[in-house]
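Structural overview
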Amino acid sequence: METSNLVDSLGFPPMEDAAEEVSISKTMAIIACTSMSILYVAILYSPTLILRLPNPSTLNSFMIRRFICAAVSSVISVFLCAFLLIPVGKWGLSSLFGLYGIRADHMWNAVVYPLSLTSLLYTGWFVTMLISPKKSRNEDNVNGDLFWCLKNSIRGFLERMTSLTSNVLAWRNYVVAPLTEEVVFRACMIPLLLCGGFKPYTIIFFSPIFFSLAHLNHFLELYFQQNYTFLKASLIVGLQLGYTVLFGSYASFLFIRTGHLIAPVVAHVFCNIMGLPMLSSQRKGLSVAATVAGFLGFIWLLFPATNPNLYNYRTDNCLCWHGYCTL
């Protein structure tokens, strides 16, 4: 088969040659993904609604309980995905790890390239940090804007990492949420959809729907528990859903293109640390120009930086990815 025939309009290998090896139907794949999405949210409320446990008295105990629920949900999804795609008699570490994109080869590429690509979306923030006047520069006797910016960025990163030892919210944002969400919504759902016969570009735009469903519970919490108005809660959750759809598509793209679970995980952690990309600042002209330049650079490098050849992508050793199986 010629190389030109191995890539479709989005740069993915075609599925026609292995259509006979698809192991589940599209309906079953959608039902399984919907169940995983509902479970990921519903299990968070099971301690009080089903087990009738008293409400946690502190934020730490509340978050730890949620961490346990998220972990249980992830484990159930992992086993459900394996049960549907791999015969029990053929379960093994290599087949399971390969299914979920847990690989040791080309790990450095899977971390550095997606992280560098994602950071381009924050070019405006980096430039603003570089040029913004700070009193602390004189106080710290720092010579040079670049050195100050680098020092300040490293200091902020270390402070966030140090907060993991004592801040339960930092654990949620930088560890538990990225890991459990990427395991369930990328590592489990994408192989199911691929094995169900969906094409890669369809999954990239379709799978974030499941990812967004897992955030609808925030509306209930804002409206019923925190007494937000219906309009305010809708606006907050609507913005969040829009962002999760965009990020979900990007994370799915990274997972399919690289074959590495670590790629969307590091992008997820980085975005949680940075927040939404900066769109404006006190120096609007330069900030906007840097943001636009970063966005154009992101688009330009999106496919080259995620070229499967950079990650030793082997279609004959990936379970039902792009229509191929290792069974």
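Before reading on, note that the structure itself is shown above.
On a predicted model such as this, the values are computed, not experimentally measured, just so you know. Each chain has its residues counted from 1, following the order in which its sequence is written. Local features in this predicted model are restricted to residues whose pLDDT is 70 or higher, and side-chain atom pairs enter the listing and the counts only when it is 80 or higher, whereas totals over whole chains, interfaces and linings include all residues. The side-chain numbers reported here are obtained from all heavy atoms of the structure, hydrogens and water having been left aside.

Here we come to the overall build of the protein. Within the protein, the secondary structure is distributed over 15 helices and 0 strands. Relative to its full complement of 327 residues, the protein shows a buried share of 43%. Working note: accessible area of the protein is about 17,300 Å², and carbon and sulfur atoms make up 67% of it. Each helix is a run of H or I in the DSSP string that is no shorter than four residues. Each strand is a run of E no shorter than two, and both are numbered from the N terminus. Exposure is judged per residue with a 1.4 Å probe applied to protein chains only, and the accessible area is read against the type maximum: over 50% gives exposed, under 20% gives buried, and values in between give partly exposed. Only the protein chains shown count as covering a residue, and every accessible area follows the Shrake-Rupley method with a 1.4 Å probe.

What follows concerns the packing of helix α9 (residues 168-195) against helix α14 (residues 262-274). When two helices pack together, their arrangement is given by the angle between the helix axes and the distance between those axes. Orientation is described by axes fitted as lines to C-alpha atoms, over the contacting stretch for helices, and by angles from 0 to 180 degrees between their N-to-C directions. The N-to-C vectors of α9 and α14 enclose an angle of 140°; their axes lie 9 Å apart at closest approach. Relative to α14, the element α9 lies oblique. The interaxial crossing formed by α9 with α14 has right-handed handedness. Where α9 abuts α14, its residues Asn 173, Tyr 174, Ala 177, Pro 178, Leu 179, Glu 181 and Glu 182 lie against Pro 264, Val 265, His 268, Val 269, Asn 272 and Ile 273. The classification used treats Ala, Val, Leu, Ile, Met, Phe, Trp, Tyr, Cys and Pro as nonpolar, Asp, Glu, Lys and Arg as charged, and all other residues, Gly among them, as polar. Of the residues contributing to the contact of α9 with α14, the split by class is 8 nonpolar, 3 polar and 2 charged. Any angle from 65 to 115 degrees is called roughly perpendicular, while one under 35 is roughly parallel, one over 145 is roughly antiparallel, and all others are oblique. Here a crossing is taken to be left-handed if its near helix is turned anticlockwise relative to the far helix by less than a right angle, and right-handed if that turn runs clockwise. What makes two residues a contact is simply this: any of their non-hydrogen atoms within 4.5 Å.

The next point concerns the environment of Ala 110. Mapped onto the fold, Ala 110 is located in helix α5 (residues 107-119). Those residues in contact with Ala 110 that lie beyond four places of it in its chain are His 260, Ile 262, Ala 263, Val 266 and Tyr 311.

Below, the discussion takes up the environment of Ile 43. Inspection of the secondary structure puts Ile 43 in the loop between α1 (26-42) and α2 (46-49). Exposure remark for Ile 43: the relative accessible area of 11% places this residue in the buried category. Taking the C-alpha atoms as reference points, Ile 43 and Cys 69, separated by 26 residues in sequence, lie 6.0 Å from one another. Contact partners of Ile 43, with chain neighbours within four places excluded, come to Cys 69, Val 72 and Ser 73.

Here is the rule: rings of Phe, Tyr and Trp (six-membered ring for Trp) pair when centre to centre is within 6.5 Å. Planes less than 30 degrees apart are stacked, more than 60 are edge-to-face, and the remainder are tilted. The full count for this structure, using the stated rule, is 8 aromatic pairs. Ring centres of Tyr 113 and Tyr 311 lie 6.4 Å apart, and the angle between their planes is 85°; this geometry places the pair in the edge-to-face category. Of this pair, Tyr 113 sits in helix α5 while Tyr 311 is found in the segment after α15 (284-301), placing the two residues 198 residues apart along the sequence. Measuring from centroid to centroid gives 5.3 Å for Phe 253 and Phe 303, while their planes differ by 90°, and the two rings are edge-to-face. Placement of Phe 253 in helix α13 (residues 230-258) and of Phe 303 in the segment after α15 is noted, with a sequence separation of 50 residues between them. When its relative accessible area of 32% is taken as the criterion, Phe 303 is described as partly exposed. Taken together through their ring pairs, the aromatic side chains of Phe 198, Phe 206 and Phe 210 make up a single cluster.

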